[in-house]
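Here are the chains, one letter per residue:
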Amino acid sequence: MYVVNMVFNVIVSAIIVIQSALGLPLNTLLFRIDNEASVFESGDDMYTVIWSTSLPGTGYVTYTYDGEDYTLFDEENAAIRSEDTIHSVRIPKAHLDNNTYTYHSQYVGTRRAYVAVKGRTVSSKAVDFKGYSGQEKINALVISDIHENPDNAAKAVSCFDVEPDLIIMNGDEVSFMTAAYKFKQVLNYAHRFSNGTVPVIYTRGNHENRGEYGSESVRIFKTTTGGHYFTCRYGPIQFVCLDSGEDKSDSDWTYSGLVDYTTYVAEETEWMKSLTLDEDAQYKICVVHIPNIKNRYVNNWVDILSDMGIDLLVGGHKHRLNFDFRPGEAPFKIMLDGGKTNSDGYIATMMTFADGQIYVAGYDNEKNFRGEYTYTFNEEEPVEEDG
Ligand SMILES: [Fe+2]
């Protein structure tokens, strides 16, 4: 495979060098941004800007912050990555919030010990990014379980008359993760709904574990936990974003004996136990694809999340809208956020955070209103009067 890749790269490099010499436009046609960037939450007060190109190359983001010009590269262990078509750059949230960024990639045809053949550099337009700015109402659009039908999701999303401040993609946006092109679909949907201008919280669904690229797709986000789980803040909201793994045990025939979520989720559970959420957060929200939290590979997440003080859990996976799933299972409410329905339709939800409450409304792809609910937290218990 190494030799095949090398020969392919040398041929493409030769074509690009020759066409450049002849002044032909092949370079422009061959190397381009094929999925515009989205800005993903990735924990530790950092964003990860991710985009892709049609051929391998470098990736870097430029911006100005506090009077200083920054160029941050997609790099790993001191090397600027150049052999991938998916590019990811981690940037402090404070630098990007309410700022403008531009991303760039340069084609790298081949890279040897003492030489590299490089081609054109492509750049995005400058993107104005909107982070939290103290607004009183915060609108979070939830689009889980797209399952490769983004047009239906877009029809449902078009029913909302408010613009989202952030996007929650709660897993199973694609139905399997066999290669980079499947992750590029996730990028495509993320940009379609966020335009690269608002943060995206993406959790991994069980279907996005399925295939050789499932593990690689986690690496792209560069979280410090190493897994696809992290915490993040949006103004008064603290999110705990979890990876619920698969929906069947490791020994199920589906996985061919080639998965070990037992160990992965045990590590994630230890990380969860180590967390202390911000005291000043007005809302503490858990976002996780599979809402069955009593037994995640024998780990009971109900008690851990209760100890954290979670107010509401937003789950996908069930392909329906439910504002009070399994009442009484946990001391907080569990919401099912819709997604692809069993009749091949789609339900999108918008969560509006204001005044210590969360108002949630859902619409489907036929533009039907599918329900609403208001979550109120920290209500004083009514005092019973004598007599
Ligand atoms: Fe699922």
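Residues numbered from 1 in each chain as written. Predicted model: local features only at pLDDT ≥ 70, side-chain atom pairs only at ≥ 80, totals over all residues.

### Describing the overall build of the protein
In step 1: Tallying secondary structure elements over the protein gives eight helices and 22 strands in all.
In step 2: Computed over C-alpha atoms, the radius of gyration of the protein comes to 22 Å, within 12% of the 21 Å expected from 2.2 N^0.38 for 387 residues, which places it in the range of a compact globule.
In step 3: Taken over 387 residues, the protein has a buried fraction of 42%.
In step 4: Of the contacts made within the protein by residues no fewer than 6 positions apart, 68% connect residues no fewer than 24 positions apart. (Helix = DSSP H or I, 4+ residues; strand = E, 2+ residues; numbered from the N terminus. Rg over C-alpha atoms; globule rule 2.2 N^0.38 Å. Buried ≥ 20, exposed ≤ 12 C-beta atoms within 10 Å, placed from the backbone. Contact = placed C-beta atoms within 7 Å.)

### Comments concerning the environment of Gly43
In step 1: Among the structural elements, Gly43 can be located in the loop between β1 (33-41) and β2 (46-57).
In step 2: Classification of Gly43 as buried rests on a count of 21 C-beta atoms within 10 Å.
In step 3: Gly43 sits 196 residues away from Phe239 along the chain, and the two C-alpha atoms are 9.7 Å apart.

### Quick word on unusual backbone geometry
Excluding glycine, residues mostly have negative phi values, and the peptide bonds linking residues are mostly trans.
In step 1: Positive phi, close to 55°, is recorded for Asp44, a residue that is not glycine.
In step 2: Here Asp44 shows up in the loop between β1 and β2.
In step 3: What makes Asp44 partly exposed here is the crowd of 14 C-beta atoms within 10 Å.
In step 4: Here Asp145, not a glycine, exhibits a phi torsion of approximately 50°, which is positive.

### Describing the environment of Val115
In step 1: In this structure, Val115 sits in the loop between β8 (100-111) and β9 (116-123).
In step 2: By C-beta crowding, Val115 is classed as exposed, having 7 other C-beta atoms within 10 Å.
In step 3: Sequence-wise, Val115 and Gly67 are 48 residues apart; in three dimensions their C-alpha atoms are separated by 36 Å.

### A few points about the domain arrangement of the protein
In step 1: According to the domain assignment, the protein consists of domain 1 (2-128) and domain 2 (138-376).
In step 2: Using only C-alpha atoms to locate each centre, domain 1 and domain 2 end up separated by 29 Å.
In step 3: Taken together, the contact pairs 21 residues of domain 1 with 23 residues of domain 2.
In step 4: Elements with a minimum of two residues in the side of domain 1 that touches domain 2: β1, β2, β7 (84-92) and β10 (127-128).
In step 5: Residue contributions to the side of domain 1 that touches domain 2 peak at seven residues, all from β1.
In step 6: A class-by-class count of the residues in the side of domain 1 that touches domain 2 yields eight nonpolar, eight polar and five charged. (Domains from an automatic or database assignment. Nonpolar A, V, L, I, M, F, W, Y, C, P; charged D, E, K, R; others polar.)

### A few points about helix α7 (residues 261-274)
In step 1: An ideal rise of 1.5 Å per residue puts 20 Å on 14 residues; α7 measures up with 20 Å between its terminal C-alpha atoms.
In step 2: By the burial criterion, the buried members of α7 are Tyr261, Tyr264, Val265, Glu268 and Met272. Projected down its long axis, α7 shows its buried positions confined to an angular sector of 90°, all on one face. Of the exposed residues in α7, the ones pointing more than 90 degrees away from its buried face are Thr263, Glu270, Lys273 and Ser274.
In step 3: Looking at the buried positions of α7, the neighbouring elements they touch are β15 (237-242) and α8 (301-308). (Expected span 1.5 Å × (residues − 1). Arc of directions from axis to C-beta.)

### Brief notes about the pairing of β1
In step 1: By the bridge criterion, six bridges tie β1 to β2 in an arrangement that is antiparallel. Across the sheet, Glu41 pairs through a bridge with Tyr47, a residue of β2.
In step 2: Summarising the sheet, β1 and strand β13 (residues 199-202) pair through two bridges and their orientation is parallel. Bridging from a neighbouring strand, Val39 pairs with Pro199 of β13. (Pairing = 2+ DSSP bridges.)

### Description of the nonpolar core
Generally speaking, soluble globular proteins have nonpolar side chains that are buried together.
In step 1: Among the nonpolar cores identified, the biggest contains 84 residues, and Val49, Leu141, Ile143, Ile168, Ile201, Leu313 and Ala348 are the most heavily contacted of them.
In step 2: Setting aside residues no more than four positions away along its own chain, Ala348 makes contact with Leu141, Val142, Ile143, Ala153, Ala156, Val157, Gly338, Gly362 and Tyr363. (Core = buried A, V, L, I, M, F, W, Y, C linked by C-beta atoms within 7 Å.)

### Structural notes on the pairing of β2
In step 1: By the criterion of burial, β2 is predominantly enclosed, with 10 of the 12 residues buried.
In step 2: Pairing between β2 and β7: eight bridges, direction antiparallel. When the sheet's bridge partners are listed, Ile50 is paired in β7 with Ser88.

### Points about helix α5 (residues 180-194)
For the α-helix, the turn length of 3.6 residues means that residues three or four positions removed from each other point alike.
In step 1: An ideal rise of 1.5 Å per residue puts 21 Å on 15 residues; α5 measures up with 21 Å between its terminal C-alpha atoms.
In step 2: For α5, the set of buried residues is Lys182, Phe183, Val186, Leu187, Tyr189, Ala190, Phe193 and Ser194. Taken around the axis of α5, the buried residues stretch over an arc of 160°, which confines them to a single face.
In step 3: Asn195 sits one or two positions beyond α5 and adopts a positive phi of about 60°.

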